[in-house]
Amino acid sequence: MPNIVVVGTQWGDEGKGKVVDMLAPHVNVVARFAGGNNAGHTVVVGREKYVLHSIPSGILHPGCRCVIGCGVVVDPGSLIEEMEALVRRGVQLDGNLFISKNAHLIMPYHPALDLASEAKLGKRRIGTTGRGVGPAYVDKAARVGIRMADLLNERLFREKLELNVAQKNRLLREIYDAETFTVEVAPYITDTALLLSRWMEAGYSVMFEGAQATMLDIDHGTYPYITSSSTTAGGACTGTGVPPTKIHGVVGVSKAYTTRVGGGPFPTEMTGAIAETIRARGHEYGATTGRPRRCGWFDAVVGRYATRINGLDTVALTKLDVLDQCETLKVCVAYRHRGETLTDFPEDETVVAAAEPIYEEIEGWRAPTAGAKNEADLPAKARRYLERLEELIGTRFCLISTGAQRDETILCEDSPLTRWFPSVRSSLM
Ligand code: IMP
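So, a few notes on the structure that sits alongside this text. (Residues numbered from 1 in each chain as written. Predicted model: local features only at pLDDT ≥ 70, side-chain atom pairs only at ≥ 80, totals over all residues. Heavy atoms only, no water.)

**A few points about the nonpolar core**
- Grouped together as the largest cluster of nonpolar side chains are 56 residues, with contacts concentrated most on Val5, Phe208, Leu323, Tyr385 and Phe397.
- Per-element accounting of this core gives the leading share, six residues, to helix 12 (residues 380-393).
- Look past the residues within four positions of phenylalanine 208 in its chain and what remains in contact with it is Asn3, Ile4, Val5, Val6, Ala31, Phe33, Ala236, Thr240, Val242 and Ile247.
- Judged by nonpolar contacts, the second largest core, of 53 residues, contains Met22, Ile146, Ile189 and Cys398. (Core = buried A, V, L, I, M, F, W, Y, C linked by side-chain atoms within 4.5 Å. Buried < 20%, exposed > 50% of the residue type's maximum accessible area, 1.4 Å probe, protein only. Helix = DSSP H or I, 4+ residues; strand = E, 2+ residues; numbered from the N terminus. Contact = heavy atoms within 4.5 Å.)

**What about the sheet that holds strand 10 (residues 206-209)?**
- The strand order 9-7-5-2-10-1-11-15-19-20 describes an open sheet built from ten strands, whose pairing is mixed. Each edge of the open sheet is held by one strand with a lone partner, namely strand 9 (189-190) and strand 20 (409-411).
- In the packing of helix 1 (residues 16-23) onto the sheet, contacts are made with strand 1 (4-8), strand 2 (29-32), strand 10, strand 11 (249-255), strand 15 (314-318), strand 19 (397-401) and strand 20, and the angle to strand 1 comes to roughly 160 degrees. (Pairing = 2+ DSSP bridges. Axes fitted to C-alpha atoms, helices over the stretch in contact; angles between N-to-C directions.)

**Quick word on the site of the ligand**
- Near the ligand lie 15 residues; those nearest to it are Asp13, Asn38, Thr129, Thr227 and Arg291.
- One nitrogen or oxygen atom from the side chain of aspartate 13 is found 3.1 Å from a nitrogen atom belonging to the ligand.
- Separating an oxygen atom of the ligand from a side-chain N or O atom of threonine 129 is a distance of 2.6 Å.
- In the complex, the protein chains occlude 95% of the 470 Å² of accessible area that the ligand would expose alone.
- Residues that form the shell around the ligand fall into these classes: six nonpolar, seven polar and two charged. (Near = heavy atom within 4 Å. Polar contact = N/O pair within 3.5 Å; in protein donor to acceptor, adjacent residues only side chain to side chain. Areas by Shrake-Rupley, 256 points an atom, 1.4 Å probe, with all protein chains shown as cover. Nonpolar A, V, L, I, M, F, W, Y, C, P; charged D, E, K, R; others polar.)

**Describing the pairing of strand 10**
- Residues Val206 and Phe208 of strand 10 are buried on one face, and the alternating residues Met207 and Glu209, pointing to the opposite face, are buried as well.
- Sheet analysis places strand 1 next to strand 10, joined by three bridges and oriented parallel. Following the sheet pairing, valine 5 is matched in strand 10 by phenylalanine 208.

**Brief notes about the packing of aromatic side chains**
- This structure, assessed with the given rule, holds six aromatic pairs.
- When the centroid spacing of 5.0 Å and the interplanar angle of 35 degrees are considered together, the rings of tyrosine 305 and phenylalanine 345 count as tilted. Taken together, the residues span a long stretch of sequence, with tyrosine 305 in helix 10 (residues 300-310) and phenylalanine 345 in the loop between strand 17 (340-342) and helix 11 (349-354) at a distance of 40 residues. Exposure class is identical for tyrosine 305 and phenylalanine 345. Each is buried.
- Note on tyrosine 335 and phenylalanine 345: the rings are 6.1 Å apart at their centroids and 70 degrees apart in plane angle, and the pair reads as edge-to-face. Of this pair, tyrosine 335 sits in strand 16 (residues 328-337) while phenylalanine 345 sits in the loop between strand 17 and helix 11, placing them ten residues apart in sequence. (Phe/Tyr/Trp six-rings, centres within 6.5 Å; stacked < 30°, edge-to-face > 60°.)

Listed below in structure tokens is the structure:
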């Protein structure tokens, strides 16, 4: 049974949720491997709307087991809110939710440090979600972090907390809050790396659900304007304890244009009326913070980079319909920097910040794409746009999404996705 990683190829919010929801019924396990409750994912099932931040959305599919891997940082308060909301709506958590003993905790002082650090940075601020994700990973790397397993050992937990509280000059009152968390989450804390290994031996199929995206990766993103975890495909291994030899493929998720929330370089950023139009048509507001997203043209330099860094087998392209009314579309094929043409994404942050996009213009199709059942139903000019993107990023598409609904999805012919999960086709009929 295939074990597949799903990652964002841009700066997040590519629509990974829709792809993960679509594939969840076809796998046995969904494992989150990075990030924390900075991610936001709204799922609509019938009339019910669920907002999930830490728990994989696979939890809404009966029989799908969900793992929060060691690479994730967990805010227990936020996790419990999510758990309670799910239980209230009849979702079965027992036997379906497993949290790694080694996942680090976001403690109450982490959001406070996050906000203080942002305030201090002034105009160089990252534009974080303010959830304390960065400071929690700082403690992890500094080897003073508190892990889920510590909640199960009161003495050790107190020792570590006192050390941290002393360091961070916070009140001991927080110990008692943490005790309340322990009661609720303890039954779910386990050795998830061992579980995943046993499940894979038993022939279960695992989907590794990425959070954030390639360009926000701590090593490969636009540092320092990144999140603090390994959001690229390699993170699926370190963030769950599953070896690379057990992973069969990687699916990238990309928007038909680009967005970014927070600060940092964004070479293809749009300005003026077109940015407003795309933001309105694409409902481009953050799922966690509600902030308006910055909008830009498709950046094929970023797309090629994501293909290389993640070893993408295929890409799911989302939100094509948002471009339906554009007269002309721009696609960035390379960057210009000090008279040089760059076709590979530059590692030097000063070069990225100063890079000017070199655009190719493509005629818009000015016709609706939503509801198209296969590629042949799309307007010819839309097909041309898609073919050009595939050529530029060096990866074929497996799926084209033309709306939020499940049936607003085109499965491309002969893609790795339908080879891995042949039953996906019938579930979209
Ligand atoms: P942090 O992850 O809260 O530390 O924020 C660091 C950067 O990552 C900021 O630019 C955030 O806007 C961005 N970021 C974090 N989570 C997401 C997400 O789920 N979607 C898009 N951007 C995100």
